[in-house]
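Per-entry structural report
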Amino acid sequence: MQRSMLKSKLHRVHVTASELNYEGSCAIDELLLEAADIREYEQIDIYNVNNGERFTTYAIRGQRGSGMISVNGAAARKAAEGDVLIIASFADYNEVELAKHEPTLVYVDDKNRVKRIGSAIPAQAA
């Protein structure tokens, strides 16, 4: 059996541009693509924290080190500059691969610079 699982996530990135008159896709800083193991033209799901929009598009390489998150084409109607997004990629895994599977979670600061790569922040003990 194959299961579709979260492969990687860019958590709470900020939209830096929204380009309606563009052919489509989402331009993402090359450093963020590398950190999240997302390849150019890979399908991504985007969840807009500000307005609840959820949509699918593909990633394209943005300028390295720029912090760029540009939502383009028709998707530009679903995200505005300054909105906070979660960008997720998924892959299919067999049962053997699942035994070792852990998604790559990339946490950023308010300038879309990588703060941490790893698992979720552990809950504080009460």
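Residues numbered from 1 in each chain as written. Predicted model: local features only at pLDDT ≥ 70, side-chain atom pairs only at ≥ 80, totals over all residues. Heavy atoms only, no water.

Considering the UniProt feature "modified residue: Pyruvic acid (Ser)" (unreviewed entry) in the chain
This is how the line gets drawn: UniProt positions are given in the numbering used here, feature names are shortened, and annotations may be inferred rather than shown by experiment. The way it works is that DSSP assigns letters per residue, a run of H or I at least four long becomes a helix, a run of E at least two long becomes a strand, and they are numbered from the N terminus. Residue burial is assigned from relative accessible area. The probe radius is 1.4 Å, only protein chains are included, and a residue is buried under 20% of its type maximum, exposed over 50%, and partly exposed in between. Contacts are assigned to residue pairs that have any heavy atoms within 4.5 Å of one another.
Within the UniProt annotation, "modified residue: Pyruvic acid (Ser)" (unreviewed entry) is assigned to Ser25. Mapped onto the elements of the fold, Ser25 is located in the loop between β2 (17–19) and β3 (26–29). When its relative accessible area of 3% is taken as the criterion, Ser25 is described as buried. Leave out the neighbours within four places in its chain, and Ser25 touches Thr57, Tyr58, Ile60, Ser70, Val71 and Asn72.

Regarding the sheet that holds β2
Heads up, the rule is: Strand pairing is assigned whenever DSSP identifies at least 2 bridges connecting the two strands. The axes used here are C-alpha line fits, helices contributing only the stretch in contact, and every angle between their N-to-C directions lies in the interval 0 to 180 degrees.
An order of β2-β6-β3-β5-β4-β7-β1-β8-β9 is seen for the nine strands of this open sheet, with the pairing classed as mixed. Strands with a single pairing partner mark the edges of an open sheet, and in this sheet they are β2 and β9 (114–118). Going across the sheet, the axis of each strand differs from the next one's by a mean of 30°, ignoring polarity. In this sheet, strand β6 (residues 69–72) lies alongside β2 in parallel orientation, the contact comprising three bridges. For Ser18, the partnering residue across the bridge sits in β6 and is Val71.

With respect to the environment of Arg64
Convention followed: Within 3.5 Å is the distance limit for a polar contact, defined as a pair of N or O atoms, with the added protein rule that one can donate a hydrogen and the other accept it, and that residues adjacent in sequence qualify only through two side-chain atoms.
The residue Arg64 is located in the loop between β5 (54–62) and β6 in this model. Under the relative-accessibility criterion, Arg64 is labelled partly exposed at 44%. Sequence separation of Arg64 and Gly52 is twelve residues, and the distance between their C-alpha atoms is 28 Å. A distance of 2.9 Å separates polar atoms of two side chains, one belonging to Arg64 and the other to Glu34.

Structural notes on the packing of aromatic side chains
In this description, a pair of aromatic rings is defined by centroid distance and the angle of the planes. Condition: Within 6.5 Å between ring centres, the rings of Phe, Tyr and Trp (the latter by its six-membered ring) count as paired, and their orientation is classed by plane angle as stacked under 30 degrees, edge-to-face over 60, tilted in between. Lysine and arginine charges are scored as sitting over a ring when NZ or CZ, respectively, is within 6 Å of the ring centre and within 35 degrees of the ring normal.
Summed over all chains, the structure comprises one aromatic pair. Geometrically, the ring pair formed by Tyr41 and Tyr58 is tilted, given 6.1 Å between the ring centres and 35° between the ring planes. Of this pair, Tyr41 sits in the loop between α1 (30–35) and β4 (43–48) while Tyr58 sits in strand β5, placing them 17 residues apart in sequence. Given the relative accessible area of 59%, Tyr41 is considered exposed. Note on Tyr58: relative accessible area 34%, which makes it partly exposed. Arg116 extends its terminal NZ or CZ atom over the ring of Tyr107, reaching a point 4.2 Å from the ring centre.

Details of the side chain of Asn72
Positionally, Asn72 belongs in strand β6. Owing to a relative accessible area of 3%, Asn72 belongs among the buried residues under this scheme. In this structure the side chain of Asn72 is engaged in a polar contact, spanning 2.7 Å, whose partner is the side chain of Ser70. Setting aside anything within four residues of it in sequence, one finds Asn72 in contact with Glu19, Tyr22, Gly24, Ser25, Cys26, Ala27 and Ile60.

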